[in-house]
Structures are given as C-alpha cells and as structure tokens.
Amino acid sequence: MHKTYIPKLDDLLGGGVKEGASIMFSASPGVDYEAFGYQMLNGRLDEGTSGFIFTNVEEPESIIYEFRSYGWDIESHIENGNLFFVDGSSPFLGMPSDQRYTVNDYSEIKDVVLNAIDDIPGGVGIINNLSVIIDYLGNGDTLEIVEAWNRKASELDVNLVYLFTEWDYEHELIDKLRESMDCVVNLRTIEERVIIGQGFMVANSAWSEPPSTMVLFFVVQPGGVKVYVPKILVTGPYNSGKSSFVRAIATKSVSVDRKALSAFPTTIAMDIGHLEYKGFMADIFGTPGQERFDMILDVLSREAVGAFILIDSTAPESFARAKEMIRKTRAEAIPKVVVANKQDLPGALSPEEIRARMKLGEDVPIVPASVTEGWGVREALDTLLGLLYGG
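Given the structure is predicted, the values throughout are model-derived calculations rather than measurements.

**Observations concerning the overall build of the protein**
Part 1: The number of helices and strands found in the protein is 13 helices and 18 strands.
Part 2: The C-alpha extent of the protein, read off along each of the three principal axes, is 80 × 35 × 35 Å.
Part 3: For the protein, the proportion of its 391 residues judged to be buried stands at 57%.
Part 4: The long-range fraction of contacts in the protein, counting pairs at least 24 apart against all pairs at least 6 apart in sequence, stands at 68%.
Part 5: Here the protein contributes 34 positively and 57 negatively charged side chains, and the mean placements of these two sets differ by 13 Å.

Below you can see the structure in the form of structure tokens.
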C-alpha cells in the first residue's frame, strides 16, 4: 500500500492506495481538485518514487510555480530525473517544449503516455486533465485509451491518478469511466446548515470498503489539502480551564477581552483560536463561563460542528452548570467530548464517577486531563476528531 498524503483519505481507504491501482478524483465544476493529485505525487517523490505529470491544461512552468506556492520542491526531483512532464499543453499554445515527452497531436496521446508509464515502474503518474482528453477524442476513444493505460500501469505497479472535472457529459460515459478505475473519490461543493464549502468522499475502492463519509476540506497555500472543521466550541463552567485549553490546542489564539476578578484573571468575552493538527484545520471558540454572559452563547454556537465541555474534576458542584451550558450551546445535538480537567489535583473525581454524577450516556467520551500539566489535551483532540470523521 502507498500513502496518498491526503489527510483522512488514507484512513478511509484502509491505509492508502494499492500498488498498481488507478484512482480518479472526480470533481464538480468549480471545486479545487488539482492539489489532490499533486499532493499525492509530492509525497511519493519525497519517498524516492519516480513519477510524471501529463498536462493538457497548463504548461509545465505554470505547474512548477503551483508546486512552489504549496511549499513543495519538485525542481530538485526534476533535476535528478525522478520527475518529468508529458507536455500536452505547450504545442497547442504554439510554444516550444523541451520536456521528455511531448504530445503534438491527440492521435499520439495513447502511445506517448504508455511510454511514460514504462519509464516509472513502481511510480505514480498524474493525468491532468481527463476532461480535456474527452473533449478532443470523444467517448469511445477516451475509454479505450484509459483502459490501456490502466492495464500497463497495473503490470508495472504504477499508480495512475486521474484528475477529472464532471462537465455535462453523458451519464453512461461517466459511469464507464468510474467502472474502469480501481478507486473513485468524489469532490463536491456541499452545504451544511449555512456553511458552504467543499468536501470529498470515497465513492468506491477495489481493495477496501470505505465509509460513506463526506470530509470537508480547504486547499491552502502553502500547505495543500487540509481537512477543515468549520467551528469547534470550548465551553464549560467558570474556572474549568477553558482559556488554557484553547491555548493548548490552538496554533494561535487570542482572548477578546479580560478582566481581573480577585487575584485571578478570567475570560469575560471569549477566546478565539485556530487549530492545525494532523491535516485538520479548525476555528476554536471558547465561551465565557459566567451566567451573566449566557446571552452570547447562542451566537457562539451557531454553525458549530463539535464541542469540548471543560469541567473541574474537583468541583462536582459545578457539574449542573456544565450540563446547562451543553444545552445553551446546543451541544446536545453535535459530537462532544467532556474534558475532565484538573485530574492532577487532590480530590479529583474519576471519569466513571463524573459520568455517574452528570448522568451522561456512554456515547459521550470523558477524557481525563490536566491542561496546566499538558496531558490529556491531545487525547481529547483525537477523540473529538474521531467522532467528527469516524477515525
């Protein structure tokens, strides 16, 4: 198996892509899809694998520039001969090409790409873009060519990665193209509540039984494909450790406002943070714990897809308030993790005791933690992301 280097996709595929398998990223018009193929290629090149990029949508220099914008160095791989282009773009733009392979006429395309596959046994080839090939050659010729490429690639353990935009083609053609692939990943625009974004889902895989999970994603520069969680709440009673927890999980965070109460500063507005973790991206919103600020909880909870409920394990008298905040932030209806903080202090109740006191079902994970000591935080984060994406 080979990793795809696409966050969460390897998990959905049972570890990655099988040797010699073909994979098609099939995108609705307007969805960012090229980064999926390029990110997979970049990761494999860094492993020492050889590869090629067939391009009929832009000249090779533009693709090299695009790789740079993602923070990926492919020029060194080109220089050492591990990567080359099959240039099907420059000749049609009336520009000279000095690439290893050039397609001057689409009648040559089948044999030129077959020769390129011969050059990269065990490697990976990117076909960008399958839609343009259909536009030039029509349905029948395209299917015959794709099947020939896949047969050759399978013999040499080459992974062919097809980038495909689903324009208004005949349904029969799209169905046959999908059937000719070992794996198809759908890329779609999606709307969840009022959130409009992009998502991917494995439609089929010849070597695994992927779940029907739609994963939100963004394509960022630098960085490439990142799984994106629109908003995660961090809520809980006063003095449960919410601000410290936001700072612990966020790449960067800020408290909107602070005020000293006694000798201890406490958040009176909210904490805002940004998280990047294992390919996931999320915006973090920490709610105030005092009852006088409950009026803003409804605003903060809108569009939230997950929540951390922070509690002070040494203060069972605050558990009723914690359950009230779950209701006020609408966290009952979304995946949530209770973070049993301050487990390092004397008198801390165990997760089992907390579950009994709060009357929580077994479907709500309770993760013991000491935010100030730095343990339990990663486990809580992994647990919530697992609930969100089935990991």
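**Some words on the packing of aromatic side chains**
Part 1: Following the criterion strictly, the structure yields 14 aromatic pairs and no others.
Part 2: When the ring of Tyr 106 is compared with that of Tyr 136, the centres are 4.2 Å apart and the planes differ by 5°; the resulting orientation is stacked. Residue Tyr 106 is found in the loop between β4 (101-102) and α5 (109-118), and its partner Tyr 136 is found in helix α6 (residues 130-137); the two are separated by 30 residues along the sequence.
Part 3: The class for Tyr 136 is partly exposed, based on a relative accessible area of 48%.
Part 4: Ring-pair connections join several aromatic residues into one group, and the members of that group are Phe 25, Phe 36, Phe 200 and Phe 217.

**Describing unusual backbone geometry**
Part 1: That bond from Gln 221 to Pro 222 is cis: its omega, -5°, falls within 30 degrees of zero.
Part 2: Assignment of secondary structure puts Pro 222 in the loop between β9 (215-220) and β10 (224-235).
Part 3: Of note, the phi angle at Lys 8 is positive, near 75°, even though the residue is not glycine.
Part 4: Along the chain, the position of Lys 8 falls in the segment before α1 (9-12).
Part 5: A residue is classified by how much of its surface remains accessible, and Lys 8, at 8% relative accessible area, is buried.
Part 6: Phi is positive for Lys 359, close to 55°, though the residue is something other than glycine.
Part 7: Mapping Lys 359 onto the fold places it in the loop between α12 (351-358) and β18 (366-368).

**Quick notes on the nonpolar core**
Part 1: Within the largest apolar cluster, 66 residues are counted, with the highest numbers of intra-cluster contacts made by Phe 25, Ile 53, Val 185, Leu 187, Phe 200, Phe 245 and Phe 308.
Part 2: Three or more residues apiece are contributed to this core by two domains, here domain 1 (7-222) and domain 2 (229-389).
Part 3: With sequence-adjacent residues up to four places away left out, Val 185 is seen in contact with Leu 9, Ile 23, Met 24, Phe 25, Ser 26, Phe 200, Met 201, Val 202 and Ala 203.

**A word on the pairing of strand β3 (residues 83-87)**
Where a strand is regular, its side chains alternate between the two sheet faces.
Part 1: Counted residue by residue, β3 has 5 buried out of 5 residues, so it is predominantly covered.
Part 2: Side chains Leu 83, Phe 85 and Asp 87 of β3 all project onto a buried face; the interleaved residues Phe 84 and Val 86 project onto the opposite face, where all are buried too.
Part 3: Both β3 and β4 contribute to a ladder of 2 bridges, which runs parallel. Within β4, the position partnered with Val 86 by the bridge is Tyr 101.

**Comments concerning the domain arrangement of the protein**
Part 1: When its domains are assigned, the protein resolves into domain 1 (7-222) and domain 2 (229-389).
Part 2: The C-alpha-based centres of domain 1 and domain 2 are spaced at 41 Å.
Part 3: Taken together, the contact pairs 10 residues of domain 1 with 7 residues of domain 2.
Part 4: In this structure, the connection of domain 1 to domain 2 is made through 0 salt bridges.
Part 5: Between the two partners, domain 1 and domain 2, sit 0 residue pairs in polar contact (both at pLDDT 80 or more).

**Notes on the packing of α5 against helix α7 (residues 139-155)**
Part 1: One can describe the packing of α5 onto α7 by two numbers: an axis separation of 10 Å at closest approach and a directional angle of 15°. In terms of axis orientation, α5 runs roughly parallel to α7. Of the two elements, α5 crosses α7, and the hand of that crossing is right-handed. Between α5 and α7, the residues in contact are Ile 109, Lys 110, Val 113, Leu 114, Ile 117 and Asp 118 and Glu 144, Ile 145, Ala 148, Trp 149, Lys 152 and Ala 153, respectively.
Part 2: By residue class, the composition of the contact of α5 with α7 is 8 nonpolar, no polar and 4 charged.

**A word on helix α9 (residues 242-249)**
Part 1: Among the residues of α9, those classed as buried are Lys 242, Ser 243, Phe 245, Val 246 and Ile 249. Seen from one end, α9 has its buried residues packed into an arc of 160°, which puts them on one side.

**Re helix α2 (residues 34-47)**
Part 1: Taking 1.5 Å of rise per residue, the 14 residues of α2 would be expected to cover 20 Å, and the 20 Å separating its terminal C-alpha atoms lies within 8% of that figure.
Part 2: Where burial is concerned, most of α2 is hidden: 12 out of the 14 residues are buried.
Part 3: Taken residue by residue, α2 has Glu 34, Ala 35, Phe 36, Gly 37, Tyr 38, Gln 39, Met 40, Leu 41, Asn 42, Gly 43, Arg 44 and Leu 45 as its buried positions.
Part 4: One or two steps after α2, the chain reaches Gly 48, where phi turns positive at roughly 105°.

**Some thoughts on the pattern of salt bridges**
Part 1: The full count for this structure, using the stated rule, is 13 salt bridges.
Part 2: For Glu 75, the salt bridge identified is with Arg 68, shortest N-O distance 2.9 Å.
Part 3: Judged by its relative accessible area of 41%, Arg 68 falls in the partly exposed class.
Part 4: The salt bridge partner of Lys 152 is Asp 118, with a shortest N-O separation of 3.5 Å.

Rules of the game
- Residues numbered from 1 in each chain as written.
- Predicted model: local features only at pLDDT ≥ 70, side-chain atom pairs only at ≥ 80, totals over all residues.
- Heavy atoms only, no water.
- Helix = DSSP H or I, 4+ residues; strand = E, 2+ residues; numbered from the N terminus.
- Buried < 20%, exposed > 50% of the residue type's maximum accessible area, 1.4 Å probe, protein only.
- Contact = heavy atoms within 4.5 Å.
- Lys, Arg positive; Asp, Glu negative; His and termini not counted.
- Charge placed at Lys NZ, Arg CZ, Asp CG, Glu CD.
- Phe/Tyr/Trp six-rings, centres within 6.5 Å; stacked < 30°, edge-to-face > 60°.
- Core = buried A, V, L, I, M, F, W, Y, C linked by side-chain atoms within 4.5 Å.
- Domains from an automatic or database assignment.
- Pairing = 2+ DSSP bridges.
- Salt bridge = Lys/Arg side-chain N within 4 Å of Asp/Glu carboxyl O.
- Polar contact = N/O pair within 3.5 Å; in protein donor to acceptor, adjacent residues only side chain to side chain.
- Axes fitted to C-alpha atoms, helices over the stretch in contact; angles between N-to-C directions.
- Parallel < 35°, antiparallel > 145°, perpendicular 65-115°, else oblique.
- Left-handed = near helix turned anticlockwise from the far one by under 90°.
- Nonpolar A, V, L, I, M, F, W, Y, C, P; charged D, E, K, R; others polar.
- Arc of directions from axis to C-beta.
- Expected span 1.5 Å × (residues − 1).

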